[in-house]
Every structure is written in structure tokens, then in C-alpha cells.
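# Structural overview for review
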Amino acid sequence: MNGGLPGFHNAPASRAVVVATALFSIPFGFRGRFLELGLSYQNVYEKLSIWRLITSLFAFSSTPELIFGAALLYYFRVFERQIGSNKYTVFIVFSTLVSVLLQILALGYLKDPSINPLMSGPYGLIFASYVPFFFDIPISMKFRILGLSLSDKSFVYLAGLQLLFSSGRRSIVPGVSGILTGLFYRLNTFGIRRVKFPEFATLLFSRLSWPFSSNPYQGLPTTENDGSIPSHQGAHTATQDPTESSIAALVSMGFDRSSAIQALALTDYDVNLASNILLEAQALRQ
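- You'll find the protein chain entered in an unreviewed UniProt entry as UBA domain-containing protein, with Urochloa decumbens given as the organism.
- Per UniProt, the protein chain carries the Subcellular location (unreviewed entry) text "Membrane".

Below, the structure written as C-alpha cells:
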């Protein structure tokens, strides 16, 4: 399970979320205090513990959940590379706030002691990301294991199911809230997809990712400001022609051959990342 180029190149917002999740999970979740962090009816509606709205967004309650959650957040950094850090930051804020609001409404409506407290962690962002993952990420490889037909996307779904059902209804409610939030974003509720943060917000995330600024993929451009596959002077130059199988995979998705070759050259022949760039360029031209 990977999200294209290694590391957090062109994904400073994703890096900030992963780091924040680890920093919150280690001192709080691993010390057996996670029951004090998750949202519950009593804490929200009776005690008005507003601080829990913040801590419950980042701290996972156990090591397995942190491993699966951090792996998924790392994989979904591909969306930041696809739409740019500014728009992805809007997606992070929107998915986090709306999913928390849905969880609060669910607690007030259900009043079910069995779901108290809800599981803490960035469930909203993770499961909101499954919506563009389902609709926008194409299948690039299919295979069979023990008679089951699987694809390269299957392992991402399996990791999400593990996280979704890790604690029964206590984890299902945050997960479903995240999926609904992802659908709201895709439907452009309140015109959210046209919102952009001031440039200093994006600059802040970029400064947080300064240790990763010098890497072999520094010349790879993002698609935030480009309407087509760019010709960038500092981009990675191919030393050999892309394999015909990679070109054929992109052509089979509906892209023309010349654009497929150029996208593969820009992404070091990564079919998944090349298809993401082509999809974004196609969306911008519509």
C-alpha cells in the first residue's frame, strides 16, 4: 500500500496531520487514558467538556489503531499532491469539523450507553478520504488470492475495515460520520470546494515540512495551479522509455498516449500517481 512517490514531498499538510496524530497518541492513548479523550453524551451535553473536541480528533486509543490510521493518512497524501496543499487543507478542516458535528448529533439522538465514549482519533479525515479514493483512484492491477479476485485498492479497503470495526459501534459512528462528510465535500455543499485559505496557512505547513525539501523529486510539480500536464524545466528526466504495459494501462483508462508518456516521465513511471495527475488535469479542463 503506497501513495506514489515516497515521503511527504508536496504533502506538508499530510505530514503535519500524521505528526500531530503521533504526538497526541503517544502521551495520551498509550497511557490508558483514552476513555477520557473520546466523545460521550455526558461529556458533551452535560459536562460541556469542550477540550475533548480537540483531543478526540488526534489521539488514537491503541497501538494497532495508530498503525492502521497513520498508514492510511500516509497513503491518502496522494490527494494533497493531486489538488494542492491549499485545497487539501480546506478538505482537512472541513472533514474534521463536520464529522465531529455529526458525531455530536449522533450522541444526542441515540443516547446509547454502548457507544460511550466514541473512539478518538482522526476518523473523520480518514474515512472522508475514502470517498475520493473510491471515485477518483483507478484500479491499476488485479490479481487472485485463494480464489478471491482482488485489486491494488483492496488492501486500502481492508485497512479501513479493520479501523472501522475495531471497537464495534464506538468506532462505526465516527467512521460513518467521516464517510458522510466526504460525500458532503464531493457534492460541494456550501460551495466548500471553491474555498481557499490565505497563502500564509499553506506556507506554515510548508515550513513544517522543511526537512523533506531536499529530495530527488524536488522538481515534480503539483497540479494545484496547472490545467494540463506541465512541462517543468526541473522535472525528473526519463532515462528510458516508459514500459508499454504502463502506457497501455493509462490508455485503457481513457487518456491519450502522449499525455500518458509525459505523466509517467514526471512520476518516475508510477502508474497510480500518473493517473492521478491526468485525472486532475482532465477535471480542470472541464
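## Looking at the confidence of the model for the protein chain
- With 76% of its residues at a pLDDT of 70 or more, the protein chain has an overall mean of 78.
- Counting interchain partners and residues more than four positions distant, the pLDDT-below-50 stretch residues 211–242 has 61 contacts.

## Looking at the packing of aromatic side chains
- In total, this model carries 19 aromatic pairs according to the counting rule given.
- Aromatic pair Phe 76 and Phe 79: ring centres 5.7 Å apart, planes at 20 degrees, arrangement stacked. The pair formed by Phe 76 and Phe 79 is uniform in burial state, with each residue classed as buried.
- Ring geometry for Phe 76 versus Phe 133: centroids 6.0 Å apart, planes at 65 degrees, classification edge-to-face. On the criterion of sequence distance, the pair formed by Phe 76 in the loop between α4 (63–75) and α5 (77–83) and Phe 133 in helix α8 (residues 130–136) is long-range, its members being 57 residues apart.

## Comments concerning empty space enclosed by the protein
- One pass over the structure, following the stated rule, counts four cavities of 30 Å³ or more.
- The computed volume of the largest cavity comes to approximately 90 Å³.
- Lining the largest cavity are 16 residues, with Ser 56, Leu 57, Val 100, Gln 103 and Gly 121 positioned closest to its centre.
- For the lining of the largest cavity, the secondary-structure elements that each account for two or more residues are α6 (85–110) and α7 (123–128).
- Among the residues forming the lining of the largest cavity, the class breakdown is eight nonpolar, eight polar and no charged.

## Let's talk about the packing of helix α1 (residues 12–25) against α4
- Remark: α1 packs on α4, axes separated minimally by 10 Å, with the N-to-C direction vectors making an angle of 170 degrees. The orientation of α1 with respect to α4, classified from their angle, is roughly antiparallel. Handedness of the α1/α4 crossing: right-handed. Here α1 contributes Val 17, Val 18, Thr 21, Ala 22 and Ser 25 to the contact with α4, which in turn contributes Leu 66, Leu 73 and Tyr 74.
- Classifying every residue of the contact of α1 with α4 by side-chain character gives six nonpolar, two polar and no charged.

## Focus on unusual backbone geometry
- Along the chain, Asn 116 connects to Pro 117 via a cis peptide bond; the corresponding omega equals -10 degrees.
- Considering the arrangement of structural elements, one finds Pro 117 in the loop between α6 and α7.
- Of note, Asn 188 is a non-glycine position whose phi angle comes to about 60 degrees, a positive value.
- Looking at the element boundaries, Asn 188 is found in the loop between α10 (169–186) and α11 (199–208).
- Using a relative accessible area of 24% as the deciding quantity, one classes Asn 188 as partly exposed.

## Observations regarding the UniProt feature "transmembrane region" (unreviewed entry) in the protein chain
- In the numbering used here, UniProt assigns the "transmembrane region" (unreviewed entry) feature to residues 12–30, 50–76, 88–110 and 122–139.
- As annotated, residues 122–139 has a helix share of 72% and a strand share of 0%, and its two end C-alpha atoms lie 26 Å apart.

## Quick word on the environment of Glu 65
- Looking at the secondary structure, you find Glu 65 in helix α4.
- Exposure remark for Glu 65: the relative accessible area of 6% places this residue in the buried category.
- Expressed as a C-alpha distance, the spacing of Glu 65 and Gln 162, which sit 97 residues apart in the sequence, is 8.6 Å.
- A distance of 3.3 Å separates polar atoms of two side chains, one belonging to Glu 65 and the other to Ser 166.

The rules behind each value
- Just so you know, the residues in each chain are numbered from 1, in the order the chain's sequence is written.
- Only residues with pLDDT of 70 or above have their local features reported here, since the model is predicted, and side-chain atom pairs are shown and tallied only from 80 upward, although totals for entire chains, interfaces and linings are computed over all residues.
- Side-chain measures here rest on the full set of heavy atoms in the structure, leaving out hydrogens and waters.
- UniProt positions are given in the numbering used here, feature names are shortened, and annotations may be inferred rather than shown by experiment.
- One number per residue, pLDDT, summarises how confident the predictor is, and it ranges from 0 to 100.
- Throughout, a contact is declared for two residues whenever any of their heavy atoms are within 4.5 Å.
- We call Phe, Tyr and Trp rings a pair once their centres come within 6.5 Å, taking the six-membered ring for Trp, and we label the pair stacked below 30 degrees between planes, edge-to-face above 60, and tilted otherwise.
- For every residue, the accessible area (1.4 Å probe, protein chains only) is compared with the maximum for its type, and the residue is labelled buried under 20%, exposed over 50%, or partly exposed between those bounds.
- The secondary structure listing takes helices from DSSP runs of H or I that are at least 4 residues long and strands from runs of E that are at least 2 residues long, numbered from the N terminus.
- The definitions used throughout rest on a 1 Å grid laid over the protein atoms alone, on which a cavity is an enclosed set of points accommodating a 1.4 Å probe that cannot get out and a pocket is an open set flanked by protein within 12 Å on both sides along at least five of seven lines; lining residues are those having an atom within 4 Å of a point.
- Grid points are joined across faces, edges and corners, and a volume is the space filled by probe spheres set on the points.
- Throughout this entry, Asp, Glu, Lys and Arg are counted as charged residues, while Ala, Val, Leu, Ile, Met, Phe, Trp, Tyr, Cys and Pro are counted as nonpolar. The remaining residues, Gly among them, count as polar.
- Angles shown run from 0 to 180 degrees and are taken between the N-to-C directions of axes, each axis being a line fitted to C-alpha atoms and, for helices, limited to the stretch in contact.
- We call two directions roughly parallel when the angle between them is under 35 degrees, roughly antiparallel when it is over 145, roughly perpendicular when it lies between 65 and 115, and oblique otherwise.
- Should the near helix be turned anticlockwise from the far one by less than a right angle, the crossing is termed left-handed; should it be turned clockwise, right-handed.
- In protein, a polar contact requires one atom able to donate a hydrogen and another able to accept it; more generally it is a pair of N or O atoms within 3.5 Å, and residues adjacent in sequence count only if both atoms are side-chain atoms.

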